[in-house]
Amino acid sequence: MRQAQLYRWQIPLDAGVVLRERRLKTRDGLFVHLQADGREGWGEISPLPGFSHETLDEAQQATINWLHGWREDKTLSLPEQPSVAFGLSCALAELHGELPQQGDYRAAMLCTGDPDELFAALAALPGEKVAKVKVGLYEAVRDGMVVNLLLESIPDLRLRLDANRAWTPLKAQQFAKYISPEYRSRIAFLEEPCKTAAESLAFARESGITIAWDESLRDEGFQLTPQQGLGAVVVKPTLTGSLQRVQQQVAAAKALGLTVVISSSIESSLGLTQLARIAAWLTPGTIPGLDTLQLMQCQLLRRWPESDLPCLQTEVLEPLL
Ligand SMILES: O=C(O)CCC(=O)C1=CC=C[C@@H](O)[C@@H]1C(=O)O
Ligand SMILES: [Mg+2]
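The following paragraphs examine the structure supplied in this document. (Residues numbered from 1 in each chain as written. Chains lettered and ligands numbered in written order. Predicted model: local features only at pLDDT ≥ 70, side-chain atom pairs only at ≥ 80, totals over all residues. Heavy atoms only, no water.)

Turning our eyes to something else, we now look at the pairing of strand S1 (residues 3-12). Alignment of S1 against strand S4 (residues 26-36), held across 10 bridges, turns out to be antiparallel. Bridge pairing in S4 links Arg8 to Leu30. Note: S1 against strand S15 (residues 318-319), two bridges, orientation antiparallel. Within S15, the residue paired with Tyr7 across the bridge is Pro319. (Pairing = 2+ DSSP bridges. Helix = DSSP H or I, 4+ residues; strand = E, 2+ residues; numbered from the N terminus.)

Take a look at the structure:
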């Protein structure tokens with residue numbers, strides 16, 4: 001006997017979460033709970049505003065339609081909305097015991113705010129010092145000076161940078177000019193420096209700074225091919241689709257010798273813990289990009305290890321079925 005429930009939730013975010021020039025005050029999403037033969041599985045469906053094409057209402061309706069069929073023992077293909085396919089595939093994988101329990105809870109520290117605050121946090125970072133810094137929000141020269149200062153001040157720090165396609169080729173050159181050549185190898189990668197892939201690849205060739213694809217992976221008709229200066233891909237499962245689709249994309253990137261980073265789409269703690277398990281399973285040895293729980297004011301259902309944020313249970317969730 002199959003049972004299913006769908007919950008809607010909303011988490012207040014700390015001030016200052018800006019995505020694609022829009023301020024996000026809350027993170028809203030869905031949890032799907034499947035039960036059958038004494039087993040259960042959970043999944044998170046939380047399309048990311050400004051990045052996902054589907055709205056939460058569209059995701060909700062597609063999920064409800066699918067669940068009605070699943071409860072009647074129909075074997076259905078997953079809906080095409082990536083956030084829905086991902087969440088349902090996680091719930092099915094948990095139900096069938098196919099999502100490994102072991103997680104990689106290390107996270108590349110997501111750095112926001114002023115350099116002084118960064119120094120203390122980064123210097124105290126235990127183990128492999130990997131941090132992610134968003135660039136492209138301020139002047140490129142300032143970004144270059146801050147990044148150079150961080151690399152100079154913390155000799156064992158490696159940085160992941162992300163410009164979210166903010167720079168023109170000139171701005172990208174201005175940034176690179178302020179990074180001492182001997183520090184450039186400690187930039188693990190710079191995600192999406194310029195507005196177009198061609199401009200980003202030219203930047204990588206000219207600057208010697210390794211770049212990574214993130215948004216490009218999801219562009220219509222994009223083909224992943226080996227390129228000089230391309231070192232990594234950043235895979236956001238909520239924006240990509242089912243676990244099976246994620247596995248395909250990870251395998252294709254690894255076959256090209258690229259580093260693959262499993263990255264957050266600002267999911268709840270339940271989604272983030274599942275991403276940590278997917279990272280340990282599909283990209284062992286690579287620190288995932290999951291340090292986004294700090295943006296939230298609470299956890300839901302499952303705790304992120306060592307987070308002291310309050311963890312709320314189903315009583316705050318709105319059942320929809
Ligand atoms: O990848 C990480 O380390 C954390 C997640 C992260 O940086 C992002 C998540 C969602 C949208 C963006 O703000 C940003 C990104 O573009 O990678
Ligand atoms: Mg990115």
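Turning to unusual backbone geometry, a few remarks are in order. Negative phi characterises most residues that are not glycine, and trans characterises most peptide bonds. Here Asn164, not a glycine, exhibits a phi torsion of approximately 45°, which is positive. You can see Asn164 is positioned in the loop between strand S8 (157-162) and helix H5 (169-177). By relative accessible area, Asn164 is classed as partly exposed at 24%. Of note in this structure, Arg165 is not a glycine but carries a positive phi near 65°. Counting through the fold element by element, Arg165 comes out in the loop between S8 and H5. Among the residues examined, Arg165 registers a relative accessible area of 21% and is labelled partly exposed. (Buried < 20%, exposed > 50% of the residue type's maximum accessible area, 1.4 Å probe, protein only.)

Here we take up helix H8 (residues 243-255). Here H8 contains 13 residues, and its C-alpha end-to-end distance of 18 Å stays within 8% of the 18 Å for a straight helix at 1.5 Å per residue. At its buried positions, H8 is contacted by helix H2 (82-95), strand S11 (230-235), helix H7 (237-240), strand S12 (259-262) and helix H9 (269-282). Downstream of H8 by one or two residues, Gly257 has phi in the positive range, about 80°. (Expected span 1.5 Å × (residues − 1). Contact = heavy atoms within 4.5 Å.)

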